[in-house]
Amino acid sequence: MLKTRIFTALVVVSNVLGNFSLTWGMRQVGRLVSLSPWPYIAALFNPWVAFGVSLLIVWLISQMTLLSWADLSYVLPVTSAGYVLAALAGRFFLHEEISLARWLGIGLIMMGVAMVAKTAPRAKPAARASAAGAAR
Amino acid sequence: MRWALVAVIVAATTVGDVLKAKGMKAHGEIHEFGLGAFGRLLSVLARNKLIIASVLCMAISFFTFMALVSIADLSFAVPATAVTYVFETILARYILKEHISWVRWTGAYLVACGVALLAR
């Protein structure tokens, strides 16, 4: 389904860019562990944090749209492709070292994504339906 | 402190995602993608109790994640929350009654292991 592919891509890209921007901004804001809401609200005035939050709102709405027709057990693994993008972006844009264990992690995630992406977004309980039919 | 924050994030994310999936299934498949349809969608969702509860959980998860990345590296924060893939697949099976084939179980497990390995 084309709309499943489009919304999956939107979920992945908005999540990766949103988290990157948010983390960048929080580095500038500094240490923040508080039960009071005010330090968090103050952090939102950092432009990187604000941009990150906007992208995460896009992420939330596109993920909710995808969930309106696709199973949660499909959406979650498939949209984890974002972790791979984030790691590769770190490698190619920020020139971070990627250890052997991390490459292995990237490989496992890509295998998991490919496997789940091959299943129907909304799996029909075929076995149960035929069992119910036989019972009738 | 770091692990306490991780526990809060994992619990809030898992509950929030299950409520979100349940709420969106109750709403039904979205077919229209225009600006007007988008406005109507938001006003309908704002009255969906499951979605409201889900947004509250996600807000808790989000602000806790902000606190976590302010005291720990992203390379600790992200892999530490990988276990949500396994929890959520189990809850999708038993609460959302999704049909999860062995291909999906294996896929979810590979993703969780892969995310955990990204820590190194």
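Above this text is the structure in question.
As the structure is a computational prediction, the values presented were derived from the model and not from experiment.

Reading guide: rules and limits
Residues numbered from 1 in each chain as written. Chains lettered and ligands numbered in written order. Predicted model: local features only at pLDDT ≥ 70, side-chain atom pairs only at ≥ 80, totals over all residues. Helix = DSSP H or I, 4+ residues; strand = E, 2+ residues; numbered from the N terminus. Contact = placed C-beta atoms within 7 Å. Nonpolar A, V, L, I, M, F, W, Y, C, P; charged D, E, K, R; others polar. Axes fitted to C-alpha atoms, helices over the stretch in contact; angles between N-to-C directions. Parallel < 35°, antiparallel > 145°, perpendicular 65-115°, else oblique. Left-handed = near helix turned anticlockwise from the far one by under 90°. Expected span 1.5 Å × (residues − 1). Buried ≥ 20, exposed ≤ 12 C-beta atoms within 10 Å, placed from the backbone. Core = buried A, V, L, I, M, F, W, Y, C linked by C-beta atoms within 7 Å.

1. With respect to the environment of Leu50(B)
Along the chain, Leu50(B) falls in helix α3 (residues 49–71). If sequence neighbours within four positions are ignored, Leu50(B) has contacts with Leu19(B), Lys22(B), Gly23(B) and Ala26(B).

2. Section: the interface of chain B and chain A
Contact residues are listed per partner, giving 39 residues for chain B and 38 residues for chain A. Elements represented by at least two residues in the side of chain B that touches chain A include exactly α1 (2–27), α3, α4 (74–80), α5 (84–94) and α6 (102–117) of chain B. A breakdown of the residues in the side of chain B that touches chain A according to their chemical character gives 23 nonpolar, 9 polar and 7 charged.

3. Re the packing of α1(B) against α3(B)
Residue and element names in this part refer to chain B. Running from N to C, α1 and α3 cross one another at 155°; their axes reach a closest spacing of 7 Å. Compared by their axis directions, α1 and α3 come out roughly antiparallel. Once α1 is placed against α3, the crossing between them reads as left-handed. Of the residues that constitute the contact of α1 with α3, the class distribution is 18 nonpolar, 6 polar and 3 charged.

4. What to know about the packing of helix α5 (residues 81–92) of chain A against helix α6 (residues 100–117) of chain A
All names here are of chain A. Orientation of α5 relative to α6, taken along the N-to-C sense of each, is 145°, at an axis distance of 9 Å. Here the hand of the crossing between α5 and α6 comes out left-handed. Across from Ala81, Tyr83, Val84 and Ala87 in α5, the residues of α6 making contact are Arg102, Ile106, Ile109, Met110 and Val113. Of the residues belonging to the contact of α5 with α6, the class tally is 8 nonpolar, no polar and 1 charged.

5. Structural notes on α3(B)
Over its 23 residues, α3(B) extends 34 Å from the first C-alpha to the last, a length consistent with the 33 Å expected when each residue adds 1.5 Å. Taken together, the buried positions of α3(B) are Ile51(B), Ser54(B), Val55(B), Ser61(B), Phe62(B), Thr64(B), Phe65(B), Met66(B), Ala67(B) and Leu68(B). Considering only its buried residues, α3(B) is in contact with α1 (2–29) and α2 (38–43) of chain A together with α1, α2 (35–45) and α4 of chain B.

6. With respect to the nonpolar core
Within the largest apolar cluster, 61 residues are counted, with the highest numbers of intra-cluster contacts made by Leu67(A), Val75(A), Tyr83(A), Ile109(A), Val111(B) and Val115(B). Per element, the largest residue contribution to this core is 9 residues, and it comes from α1(B). Those residues in contact with Val115(B) that sit more than four places away from it in its chain are Ser80(A), Tyr83(A), Gly105(A), Ile109(A), Val78(B), Pro79(B) and Ala82(B).

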